[in-house]
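Observations on the model geometry
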Amino acid sequence: MKAIAIQPGAGQPHMVDRTQPTITAANQVLLRVLRVGICGTDREEILGGRSKAPDGQKELVIGHEMLGRVEKVGDQVTRAKPGDLAVFTVRRVCGECLPCAMNRPDMCLTGKYHERGIWGMDGYQTEYVVDQEQYLVRLAPELAGIGVLAEPMSVAEKAIDEAERIQAGRLPQASAAPDWWFGRPCLVAGLGPIGLLAALALRVRGAAVYGLDIVPEASARPQWLLAIGGQYINGKEIPLDKIASLRQSMDVIIEAAGIASLSFNLLDALGANGVVVLTGLPDGDRPIELNGAALVRGLVLGNQAIAGSVNAARDHFQLGVDDMLSAELRWPGHVAKLITHRYAAKDFATGFSQHPDDEIKAVIEWAQ
Ligand code: BGC
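What counts, and at which threshold
- Residues numbered from 1 in each chain as written.
- Predicted model: local features only at pLDDT ≥ 70, side-chain atom pairs only at ≥ 80, totals over all residues.
- Heavy atoms only, no water.
- Helix = DSSP H or I, 4+ residues; strand = E, 2+ residues; numbered from the N terminus.
- Buried < 20%, exposed > 50% of the residue type's maximum accessible area, 1.4 Å probe, protein only.
- Lys, Arg positive; Asp, Glu negative; His and termini not counted.
- Salt bridge = Lys/Arg side-chain N within 4 Å of Asp/Glu carboxyl O.
- Contact = heavy atoms within 4.5 Å.
- Near = heavy atom within 4 Å.
- Polar contact = N/O pair within 3.5 Å; in protein donor to acceptor, adjacent residues only side chain to side chain.
- Areas by Shrake-Rupley, 256 points an atom, 1.4 Å probe, with all protein chains shown as cover.
- Nonpolar A, V, L, I, M, F, W, Y, C, P; charged D, E, K, R; others polar.
- Pairing = 2+ DSSP bridges.
- Expected span 1.5 Å × (residues − 1).
- Right-handed = clockwise from strand over helix to strand, strands pointing away.
- Phe/Tyr/Trp six-rings, centres within 6.5 Å; stacked < 30°, edge-to-face > 60°.
- Lys NZ or Arg CZ within 6 Å of the ring centre and 35° of its normal.
- 1 Å grid on protein atoms, 1.4 Å probe; cavity = no way out; pocket = protein on both sides within 12 Å on 5 of 7 lines; lining within 4 Å.
- Points joined across faces, edges and corners; volume = space filled by probe spheres on them.

All right, on to the side chain of Glu162 then. Inspection of the secondary structure puts Glu162 in helix 3 (residues 150-170). Of the side chains bearing the opposite charge, Lys158 lies closest to the buried Glu162, which forms no salt bridge; the N-O distance is 4.9 Å. For Glu162, the residues in contact, after removing those within four places along its chain, are Met107, Val277, Gly308 and Ser309.

And the structure:
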């Protein structure tokens, strides 16, 4: 079967031939890959950034945002049956630490995890994949058109879950109110796919969502946000330290821009007892200048929290697909507008080399 691979550290993606995987254990599921998203991490891998081939191999099959159809299941599998739509999660357990033993490799303590398509394990840009049921999430047929967004959605869901757990653990009103998010001012910084999907999950919860980016308000991503009832803040027009005075200060900030200086500047927009969750991975090692004393003073006097969040648990995928279904009911057809570019697998080179301004999410089509 065909697969798209890179040589970590160097070189362009190319088509390789791989043996089609088969079910070899009772807890495994075989998926026919339907489509696979391209994300910033893939583009960085191609540019020589963070990635690792499986042990003993030179090449890594890339791709970690997938949608598939169940082709075959092992005897013990109960979560899905042939014909179902499903996705596999990204990270695989290290086999040594407690979080991994609890199927939370997203919180792995040893760092010996693998990530399909990124770190030491082949990914999903191929025709068929096999994995264990514990990494599988089944999707309702209504999600056929947008299910490929389940992975970036899961990353957004984990960040929101982190914010909620931190606040519920320390704010008396947050632990008492089941509807805590309703009307709550939340800022999402960086309106790429993760930022827009975080905005979506927050809007599903009824939050007052502000989205920050530096593109014109008339362009596709701000307009997508406005259509779900969000408000757009153009960072080119409103300096960050003015956000707090122009609008209200934020209770929760989800950072999805991957710009180190911005991550700290965002604290200017954070209200008392607020929390910032960082999801972006800045590249390079350029130092930034900070007023450290003022920053620490603000955090301490304001009871503010900063958390980093990477990857996502199986449960966050489940939350994500549930929220996408709610979003489909509330804003029919709107989520699909995030998928702006589709490339046939044979045209993969164009998909990976182009990154047009109007692209939100590009996907490689493997099957219908
Ligand atoms: C993926 C995560 C992964 C992270 C770091 C992101 O692009 O969505 O699943 O953990 O990269 O490798």
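What follows covers the site of the ligand. If you check the shell around the ligand, you find Cys39, Thr41, Arg50, His64, Val90, Arg91, Glu115, Ile118, Glu151, Val155, Val310 and Asn311 and nothing else. One nitrogen or oxygen atom from the side chain of Glu115 is found 2.5 Å from an oxygen atom belonging to the ligand. The separation between an oxygen atom of the ligand and a polar side-chain atom of Glu151 is 2.7 Å. When the ligand sits alone it has 300 Å² of accessible area, and the protein chains cover 90% of it. Residues belonging to the shell around the ligand are distributed by class as follows: five nonpolar, three polar and four charged.

Side chains Leu85 and Val87 of strand 6 (residues 85-88) all project onto a buried face; the interleaved residues Ala86 and Phe88 project onto the opposite face, where all are buried too. Summarising the sheet, strand 5 (residues 65-73) and strand 6 pair through two bridges and their orientation is antiparallel. Its bridge partner lying in strand 6, Gly68 is registered against Ala86. Where strand 6 meets strand 11 (residues 136-139), four bridges bridge the pair, whose relative direction is antiparallel. Residue pairing in the sheet places Ala86 in a bridge with Arg138 of strand 11.

Our next topic: helix 3. The terminal C-alpha atoms of helix 3, which comprises 21 residues, lie 30 Å apart, in line with the 30 Å expected from a rise of 1.5 Å per residue. For helix 3, a buried count of 15 out of 21 residues is recorded, marking the element as mostly surrounded by other parts of the structure.

As judged from the five bridges shared by strand 15 (residues 250-255) and strand 16 (residues 270-278), these two strands associate in the parallel manner. Looking across to strand 16, one finds that Glu255 is bridged to Leu278. Viewed along the sheet, the connection from strand 15 through helix 8 (residues 260-265) into strand 16 turns out right-handed. In this sheet, strand 17 (residues 305-308) lies alongside strand 16 in parallel orientation, the contact comprising four bridges. From the neighbouring strand, Leu278 faces strand 17, where its bridge partner is Gly308. You can see the chain leave strand 16, run along helix 9 (residues 292-301) and come back into strand 17, and the turn it takes is right-handed.

Attention now goes to the packing of aromatic side chains. Under the criterion given, the structure shown has two aromatic pairs. Geometrically, the ring pair formed by Trp180 and Trp181 is edge-to-face, given 5.0 Å between the ring centres and 70° between the ring planes. Taken individually, Trp180 and Trp181 each receive the classification buried, so the pair is uniform in this respect. Positioned over the ring face of Trp119 is Arg50, at 4.8 Å from the centre of the ring.

On to empty space enclosed by the protein. In total, this model carries one cavity of 30 Å³ or more according to the counting rule given. As a volume, the largest cavity reaches approximately 50 Å³. Taken together, Thr89, Arg91, Asn103, Pro105, Gln134, Tyr135, Asn311, Ala312, Ala313 and Arg314 make up the lining of the largest cavity. When the residues that make up the lining of the largest cavity are grouped by side-chain class, the tally is four nonpolar, four polar and two charged.

We now examine the pattern of salt bridges. Taken as a whole, this structure holds 20 salt bridges when the rule is applied. Between Arg104 and Asp106 there is a salt bridge; the shortest N-O distance is 2.8 Å. When salt bridges that share partners are traced, they join Arg35, Arg342 and Glu365 into one network.

Quick look at the sheet that holds strand 1 (residues 2-7) now. Strands sit in the order 2-1-4 across an open sheet of three strands; the sheet is antiparallel. Only two strands of the sheet have a single neighbouring strand rather than two, namely strand 2 (10-17) and strand 4 (60-61). Here five bridges tie strand 1 to strand 2, and the two strands are oriented antiparallel to one another. Within strand 2, the position partnered with Lys2 by the bridge is Asp17.

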